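Tertiary structure, described
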Amino acid sequence: MAGLTQLGNDLYTGKRSVDFIGRRRLWYAIATVAILASLVIPFLRGGYRFGIEFTGGSEFTVSNPASLSQQTATDAVHSVVPEARVEPAIVGGRSMRVQTSQLENSDVSDRVASALASAYNVPADRVTSSFIGATWGADITATAIRGLIVFLVLVALVMALYFRTWKMSLAAIIALLHDLILTAGVYGIVGFEVTPAAVIGFLTILGYSLYDTVVVFDKIRENTNRLTPDSPRTFAETVNLAVNQTLVRSINTSIVALLPISAILFIGALLLGAGTLRDISLAPFIGIIAGTYSTIFLAAPLYVDFRSREPAIRSATRRILAVRARTAQPGIEAVPSGSSR
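Please read all numbers here as calculations on a predicted model, not as lab measurements.

Quick word on the pattern of salt bridges
In this structure the tally under the stated criterion is 10 salt bridges. Between Asp305 and Arg25 there is a salt bridge whose closest N-O contact spans 3.4 Å. Pair noted here: Asp305 is in helix H11 (residues 275-307) and Arg25 is in helix H2 (residues 24-44), with a separation of 280 residues, a long-range link. Accessibility expressed as a relative area gives 10% for Asp305, which makes it buried. Ionic pairing is found between Glu237 and Arg324, a salt bridge with its closest N-O pair at 2.6 Å. Linking Glu237 in helix H9 (residues 235-245) with Arg324 in helix H12 (residues 311-328), this pair joins segments that are 87 residues apart in sequence. Among the residues examined, Glu237 registers a relative accessible area of 29% and is labelled partly exposed. Assessed through its relative accessible area of 34%, Arg324 is described here as partly exposed.

Some words on the sheet that holds strand S3 (residues 86-91)
Pairing is antiparallel across the open sheet formed by 4 strands, whose spatial order is S3-S4-S2-S5. Edge strands, defined here as strands with exactly one partner in the open sheet, are S3 and strand S5 (127-132). Each adjacent strand pair in this sheet contributes to an overall mean axis angle of 20 degrees, direction not counted. Of the pairings in the sheet, the one linking strand S2 (residues 57-63) to S5 comprises 6 bridges and is antiparallel in character. Its bridge partner being in S5, Phe60 is matched across the sheet by Ser129. Each of S3 and strand S4 (95-100) is contacted by helix H4 (residues 70-80), which is oriented at about 145 degrees to S3, the strand it contacts most. Helix H5 (residues 106-120) rests against S2, S4 and S5 of the sheet, and its axis sits at about 30 degrees to S2.

Points about the packing of aromatic side chains
Here the structure, examined in full by the defined rule, presents 12 aromatic pairs. On the basis of an interplanar angle of 80 degrees and a centroid distance of 5.3 Å, the ring pair of Phe20 and Phe297 is categorised as edge-to-face. Placement of the pair is Phe20 in the loop between helix H1 (2-13) and H2 and Phe297 in helix H11, with a sequence separation of 277 residues. Centroid distance Tyr187 to Phe202: 5.2 Å. Interplanar angle 50 degrees. Geometry classified as tilted. Separated by 15 residues along the polypeptide, Tyr187 in helix H7 (residues 166-190) and Phe202 in helix H8 (residues 196-224) bring together distant segments of the chain. Looking at Phe202, the relative accessible area reads 15%, which means it is buried. An aromatic cluster is present here, built from Tyr162, Phe163, Phe217, Phe235 and Tyr303 joined pairwise through their rings.

Some remarks on the environment of Val323
By the element assignment, Val323 lies in helix H12. Between the C-alpha atom of Val323 and that of His78, which follows or precedes it by 245 residues, the distance is 79 Å.

A closer look at the confidence of the model for the protein
Per-residue pLDDT for the protein averages 83, and the proportion of residues at 70 or more is 90%. Summarising per-element confidence for the protein, the mean pLDDT is lowest in H1 (67) and highest in H2 (94). Here residues 331-341 is modelled with pLDDT under 50, and outside its nearest four sequence neighbours on either side it reaches 11 contacts, counting other chains as well.

Description of the packing of H8 against H9
Between H8 and H9, the least distance of the axes is 9 Å, while the angle of their chain directions is 135 degrees. When the axis of H8 is compared with that of H9, the two are oblique. Here H8 and H9 pass one another in a crossing that is right-handed. The residues of H9 that touch H8, namely those facing Val216, Lys219, Ile220, Asn223 and Thr224, are Phe235, Thr238, Val239, Leu241, Ala242, Val243 and Gln245.

Some thoughts on empty space enclosed by the protein
Per the stated rule, a full pass over the model turns up 1 cavity of 30 Å³ or more. The space that makes up the largest cavity amounts to roughly 30 Å³. Around the largest cavity, the lining residues are Phe50, Gly51, Ile52, Thr55, Arg85, Glu87, Gln99 and Glu193. When its residues are assigned to classes, the lining of the largest cavity shows 2 nonpolar, 3 polar and 3 charged.

Description of H2
Compared with an ideal rise of 1.5 Å per residue, which puts 21 residues at 30 Å, H2 spans 30 Å between its outermost C-alpha atoms and is within 8% of the ideal. Approximately 25 degrees is the largest bend angle found in H2, and it occurs at Ser38, with the proline Pro42 only one to four residues beyond. The set of residues buried in H2 consists of Arg24, Trp27, Tyr28, Ala31, Ser38 and Pro42. Following H2 by one or two positions, Gly46 adopts a phi angle in the positive range, close to 105 degrees.

Regarding the nonpolar core
Of all hydrophobic cores here, the largest spans 54 residues; its most connected members are Tyr187, Phe217, Ile220, Val239 and Val243. Residue assignment for this core shows that the elements contributing at least two residues are H2, helix H6 (134-163), H7, H8, H9, helix H10 (247-271) and H11. Considering each element in turn, this core owes the most residues, 13 residues, to H11. If you look at the next biggest cluster of nonpolar residues, it comprises 21 residues, including Phe60, Val80, Val81 and Ala84.

So, how was this worked out
- Residues numbered from 1 in each chain as written.
- Predicted model: local features only at pLDDT ≥ 70, side-chain atom pairs only at ≥ 80, totals over all residues.
- Heavy atoms only, no water.
- Salt bridge = Lys/Arg side-chain N within 4 Å of Asp/Glu carboxyl O.
- Helix = DSSP H or I, 4+ residues; strand = E, 2+ residues; numbered from the N terminus.
- Buried < 20%, exposed > 50% of the residue type's maximum accessible area, 1.4 Å probe, protein only.
- Pairing = 2+ DSSP bridges.
- Axes fitted to C-alpha atoms, helices over the stretch in contact; angles between N-to-C directions.
- Contact = heavy atoms within 4.5 Å.
- Phe/Tyr/Trp six-rings, centres within 6.5 Å; stacked < 30°, edge-to-face > 60°.
- pLDDT = per-residue confidence, 0-100.
- Parallel < 35°, antiparallel > 145°, perpendicular 65-115°, else oblique.
- Left-handed = near helix turned anticlockwise from the far one by under 90°.
- 1 Å grid on protein atoms, 1.4 Å probe; cavity = no way out; pocket = protein on both sides within 12 Å on 5 of 7 lines; lining within 4 Å.
- Points joined across faces, edges and corners; volume = space filled by probe spheres on them.
- Nonpolar A, V, L, I, M, F, W, Y, C, P; charged D, E, K, R; others polar.
- Expected span 1.5 Å × (residues − 1).
- Bend = angle between axes of the 7 residues up to and from the residue.
- Core = buried A, V, L, I, M, F, W, Y, C linked by side-chain atoms within 4.5 Å.

Shown next, in the form of structure tokens:
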């Protein structure tokens, strides 16, 4: 613990430093590869696996069957509707949920329910059925997309006003989109089912990712506002110092946020078998990890690139580098800016 505290102090004072900004081309390349993989691989695997709420269909629940064999459910449904798509799942450790593609009519639905009751050897009243139309999921998706667009526009405006520069706002929004694409990509690559609960999980990423970015950007603004013509650090080096100063805080915040989400994900979903808990916690779990990475390795470097071409910053950087070059030459003493021999 003492070593970690000392590391934090050294990073804050600049005694130790990780060159996040100087290696930004590498971070951009990694982010580009990750985004391309997240966009391309899911479609190479056949696209995203949407839940019944988005595709429409029928859902049957067999309560307390003697066996929880998923193959039994598939065989029972296919005995009535051979061409139906069947997705059985164990729910809560005691029930079997069977989702199928949309059935023709209620008569077919009743026959499937009877087949499931017979296959699992339970009374007919232990098998419940429901029909879900695809329009409900479409409405949820449209509402979520509209909300996301409105949220991004408002956040961009608020951040531009708070930091008094649109460049910080743009860097934060790009990092946020990176987090959303990576999270969606993991769902598509691994084959996790996209449900309304998962969509809610996606939206919770927005708040955390922006919170971490705002904390780092606030320190960047504090440091860069102190720059003067006699400052020994360039603009990029000052931003890099701010990232190092907030590094331990960012990591600690991420760990603290991941602990309860991990409890919901691994205990609630895996041990209790609650699918909704898994859906609503998996996206934030992935998104928090991606958000921590993007704030440090993407948002701050992008802000440096956005401002590095400003005449004042370019001029100050050239002056500082020139002074260092003269100082490095043996027998030559650098003259501080603003002084004369």
